[in-house]
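# Structural overview
One letter stands for each residue in the lines below.
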2 protein chains.
Amino acid sequence: MKKVGVLGGGQLGRMMIQSAMNLNIQVKTLDPDPNAPCKATAHEFIVGSLNDYDTVIDFAKDVDVLTIEIENVNTEALIDLQNKGVTVYPKPEHIQMIQDKRVQKQFYIDNNIPTSPFVLIDSIDQLNNHTDMLPAVMKVGKGGYDGRGVQVMKSTDDFSKGFEAPSLLEKMVDIDKEIAIIAARNANGEISIFPAVEVVYHESNLVDYLLSPATITTEVEEKAKEIATSLVAKMEFVGLLAIEFFVDKEGQVIVNEIAPRTHNSGHQTIEGNITSQFDQHIRSILNLPLGNTSRRSASAMVNVLGEKGYTGEAIYEGLDEVLKLPGVYIHLYEKFMTKPERKMGHITIIAPSKDELFDKVDAVKKHFKVIA
Amino acid sequence: MKKVGVLGGGQLGRMMIQSAMNLNIQVKTLDPDPNAPCKATAHEFIVGSLNDYDTVIDFAKDVDVLTIEIENVNTEALIDLQNKGVTVYPKPEHIQMIQDKRVQKQFYIDNNIPTSPFVLIDSIDQLNNHTDMLPAVMKVGKGGYDGRGVQVMKSTDDFSKGFEAPSLLEKMVDIDKEIAIIAARNANGEISIFPAVEVVYHESNLVDYLLSPATITTEVEEKAKEIATSLVAKMEFVGLLAIEFFVDKEGQVIVNEIAPRTHNSGHQTIEGNITSQFDQHIRSILNLPLGNTSRRSASAMVNVLGEKGYTGEAIYEGLDEVLKLPGVYIHLYEKFMTKPERKMGHITIIAPSKDELFDKVDAVKKHFKVIA
């Protein structure tokens, strides 16, 4: 029986466990939080820092493959493990590249991958040299997540909200749609691309819901798939690569960001597609044949976030109302404590028509709340 | 967070865990085998006898609901627990009734549920008084499972193969089809019935494959659903009831056997139907609204059995060939050791047409083998 080591014991690891069970794969996870979502159902759950060299080295000693569910990990340890013959997927050099949005951007330029114009910025005072970039988005190179480390700069008045850290200033794209695609590649070089999903954002900058199929033309979808294929092929990437795209008002498809792992934008594949992103991740890192990614039906995915104003032991309101809806799948992440906007779970909705889908999305949002 | 106690830690418990995780339900299991399938992924895995009164009483002390995944458990303990206010679903009296096929048969007669003619037999020598029943099937009242405790009696020559135990002698039905239906009822009295599946048997008397939809007329399906509904309503059953039917050459639908739990004949609901039998079991015992049972697509389910001639640590042959087939889902049960015909897993196949379904069933059977 194969043992997969996962750096990170959050919800992505937890859903990976549900998939891994079907192939008798043992999952061992490492997380600094003793109550992380993988705690109870991983074959082994180790508490420790993902950024500590010795902890990561020690964690990997008995695994067949080492993988991640979060990219903020000690990559020096991963490189040394790889040099000692441990199988590490995604490859440490890819995790390093993606950890730093500045290096990521340079990779796109070097490899002819369409991306928005940008300049590198190291401190707020440098912003004054780049007023020609406005309106723009400032992003810290390392450590941003879920909207943190990202600041919109509409005018020079916003410069004071910038970051005193190595950052990017990206020209704002005139966005028509945001879409995401998950690509997989195994060590044999087999590549498989999921259909595009549309990402609909709420004012809070956290994903409001995901829609599959995306309401884009075939040309836009084909272009995005072509870029995704080219990315994983050029990188010789192994594992799952989530790619977020902007489609601008002219129909140009440009890469916004990538993540070398299962991703929020792929959750609806569990029920919506033939193969789920979690199954595909396991297949890719174990060099198994990749699964068919076709849609089984239209689907939407709504994040379950901690309601504003509530912090404490989580209570799920509206469970019965949502369970009554056909084709609505609740996925909770076994997080005991809620706080405002904490990701506590997600809900996937399948339906034969988009109208039905939207009705159910509305019902889910109306009824389901995480309070304390 | 609710804690469900499950008597039995086998594959049915294991698949229940995969479902339960989605609602943050903690699963605690009891099994005599320290390497039972639930060992690694249950929130708590207790090793102990399901037939020992004190063990069962002690196991239930901190659970919100007590349920089963095998009916051979100490029902005296369950009755006492129920009397002390512990929620036990299915109800102990139903488990007791179903544990004994003789009592089960009497229940059908008393409640006007169609079943085959039978006589009660206590020893082999009594068989000579019932030659008018031939051809017949002799079944032990208690403890039979997967073909054990069942003997076909074509002529008086077969009497010597009978059982020296309280048994049934059932007139053999002129079977056209075998079908199965899973019914659910919650404590609110809500009833939900899955579509019928067709059970195709192999000469070994273990299920060869399951087919959904069953190739039966609408009338036969409606009749079976009517019987299923009537059964759970009359019993005031709470939980999941699996009902196996014979359809005879005249199109009569008669009940063969029932099981008060998730069942092999419901495995394909995981991918084939909107709600899986495991989700439905959890909903029913926690008195949550029951899920929609409609088919998402045609499906077939093949049991993965230990190949004859191999005993030892299991090796799965043909994994790659099967993983290459679109819409084919492998479910292994984390059983370390294989032996001839041991249930090691199952494979569900979905397809847009029955022809494609049969092609993939053939491919799965050809390639996938459990050896040692």
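All figures in this text were calculated on a predicted structure; none of them were measured in a lab.

What counts as what
Residues numbered from 1 in each chain as written. Chains lettered and ligands numbered in written order. Predicted model: local features only at pLDDT ≥ 70, side-chain atom pairs only at ≥ 80, totals over all residues. Heavy atoms only, no water. Helix = DSSP H or I, 4+ residues; strand = E, 2+ residues; numbered from the N terminus. Buried < 20%, exposed > 50% of the residue type's maximum accessible area, 1.4 Å probe, protein only. Contact = heavy atoms within 4.5 Å. UniProt positions renumbered as here; feature names shortened; annotations may be inferred. Patch = residues over 30% accessible without salt bridge, like charges linked within 9 Å, V, L, I, M, F, W, Y side chains within 5 Å. Areas by Shrake-Rupley, 256 points an atom, 1.4 Å probe, with all protein chains shown as cover. Salt bridge = Lys/Arg side-chain N within 4 Å of Asp/Glu carboxyl O. Pairing = 2+ DSSP bridges. Axes fitted to C-alpha atoms, helices over the stretch in contact; angles between N-to-C directions. Parallel < 35°, antiparallel > 145°, perpendicular 65-115°, else oblique. Nonpolar A, V, L, I, M, F, W, Y, C, P; charged D, E, K, R; others polar. Least-squares fit on C-alpha atoms with pLDDT ≥ 70 in both. Buried area = accessible area lost by both parts, 1.4 Å probe. Polar contact = N/O pair within 3.5 Å; in protein donor to acceptor, adjacent residues only side chain to side chain.

## Some details on the environment of glutamate 244 of chain A
All names here are of chain A. With respect to the element layout, glutamate 244 can be found in strand E13 (residues 239–248). By relative accessible area, glutamate 244 is classed as buried at 15%. Sequence separation between glutamate 244 and isoleucine 254 is 10 residues, and the spatial gap between their C-alpha atoms is 8.7 Å. Aside from chain neighbours lying at most four places away, what touches glutamate 244 is Ile179, Ala180, Tyr201, Ile254, Val255, Asn256, Glu257 and His263.

## What about the UniProt feature "binding site: ATP" (unreviewed entry) in chain A?
Residue and element names in this part refer to chain A. In the numbering used here, UniProt assigns the "binding site: ATP" (unreviewed entry) feature to Lys101, Lys139, Glu170, Lys171, Met172, Val173, Glu178, Asn256 and Glu257. Turning to its location among the elements, glutamate 170 is positioned in strand E8 (residues 167–171). On the basis of relative accessibility, which here comes to 4%, the residue glutamate 170 falls in the buried class. Dropping the residues within four chain positions of it, glutamate 170 is found in contact with Lys105, Ser116, Pro117, Phe118, Met133, Ala136, Val137, Lys139 and Asn256. One can find methionine 172 in the loop between E8 and strand E9 (175–185).

## Description of a nonpolar patch on the surface
Taken together, the side chains of Met1 of chain A together with Phe336 and Met337 of chain B present a nonpolar region at the surface, about 280 Å² in accessible area. Checked against the element boundaries, methionine 337 of chain B lands in strand E19 (residues 337–338).

## With respect to the pattern of salt bridges
Residues and elements named next belong to chain A. Under the defined criterion, the tally for this structure stands at 36 salt bridges over all chains. Across the pair lysine 105 and glutamate 170 runs a salt bridge, and its minimum N-O distance is 3.6 Å. In this pair, lysine 105 sits in helix H5 (residues 101–110) while glutamate 170 sits in strand E8, placing the two residues 65 residues apart along the sequence. Judged by its relative accessible area of 2%, lysine 105 is buried. Here the salt bridges share partners, and the residues they tie into one network are Lys101, Lys105, Lys139, Glu170 and Glu257.

## Section: the sheet that holds strand E2 (residues 26–31) of chain A
Residues and elements named next belong to chain A. If you trace the four strands from one edge of the open sheet to the other, you get E3-E2-E1-E4, paired in parallel fashion. In the strand order of this sheet, the two ends are held by strand E3 (44–47) and strand E4 (65–68), each with one partner. Each strand axis lies, on average, 20 degrees off the axis of its neighbour in the sheet, ignoring direction. In this sheet, E2 lies alongside strand E1 (residues 3–7) in parallel orientation, the contact comprising five bridges. Bridge pairing links valine 4 to valine 27 in E2.

## Comments concerning the packing of helix H4 (residues 92–99) of chain A against H5 of chain A
All names here are of chain A. H5 packs onto H4 with a crossing angle of 105 degrees between their chain directions and a minimal axis gap of 5 Å. The pairing of H4 with H5 is recorded here as roughly perpendicular in orientation. Residues Met97, Ile98 and Gln99 of H4 lie in contact with H5, whose contacting residues are Lys101, Val103, Gln104 and Phe107. The residue makeup of the contact of H4 with H5, split by class, is four nonpolar, two polar and one charged.

## Side note on the relation of the copies chain B and chain A
Screw-axis analysis of chain B against chain A gives a translation of 0.0 Å along the axis, an RMSD of 0.1 Å, and a rotation angle of 180 degrees. Read as a symmetry element, the transformation amounts to a two-fold axis. When C-alpha distances to the rotation axis are compared across chain B, the minimum falls at threonine 41 of chain B, with a value of 2.2 Å. The overlap is high: 100% of the interface residues of chain B also sit at the interface in chain A, so the same surface is used on both sides.

## Some words on unusual backbone geometry
The peptide bond linking leucine 134 of chain A to proline 135 of chain A adopts the cis configuration, its omega dihedral lying at -5 degrees. Note that proline 135 of chain A resides in the loop between strand E5 (118–121) and strand E6 (136–140). Residues tyrosine 89 of chain B and proline 90 of chain B are joined by a peptide bond in cis, for which omega reads 0 degrees. Looking at where proline 90 of chain B falls in the secondary structure, it is placed in the loop between helix H3 (75–83) and helix H4 (92–99). The backbone of asparagine 112 of chain A sits at a positive phi, close to 65 degrees, despite the residue not being glycine. One can find asparagine 112 of chain A in the loop between H5 and E5. The exposure class of asparagine 112 of chain A is exposed, given its relative accessible area of 70%. Phi at glutamate 341 of chain B takes a positive value of approximately 65 degrees, unusual for a residue other than glycine. Structurally, the position occupied by glutamate 341 of chain B is in the loop between E19 and strand E20 (343–351). The class of glutamate 341 of chain B is partly exposed, set by a relative accessible area of 26%.

## Here's the deal with the interface of chain B and chain A
Across the boundary between the two partners, chain B contributes 39 residues, which contact 39 residues of chain A. By the criterion of area lost to chain A, the three top residues of chain B are Met21, Arg296 and Leu323 of chain B, representing 19% of everything that side buries. The interface formed by chain B and chain A includes zero salt bridges. Applying the counting criterion to the chain B and chain A interface returns 21 residue pairs in polar contact (both at pLDDT 80 or more).

## As for the sheet that holds strand E2 (residues 26–31) of chain B
Residue and element names in this part refer to chain B. The strand order across the open sheet built from four strands is E3-E2-E1-E4, with neighbouring strands paired in parallel fashion. Each end of this open sheet is capped by a strand with a single partner; those strands are strand E3 (44–47) and strand E4 (65–68). Shown here is a sheet whose adjacent strand axes are inclined to one another by a mean of 20 degrees, direction ignored. Summarising the sheet, strand E1 (residues 3–7) and E4 pair through four bridges and their orientation is parallel. Opposite leucine 7, over in E4, you have isoleucine 68 as the bridge partner.

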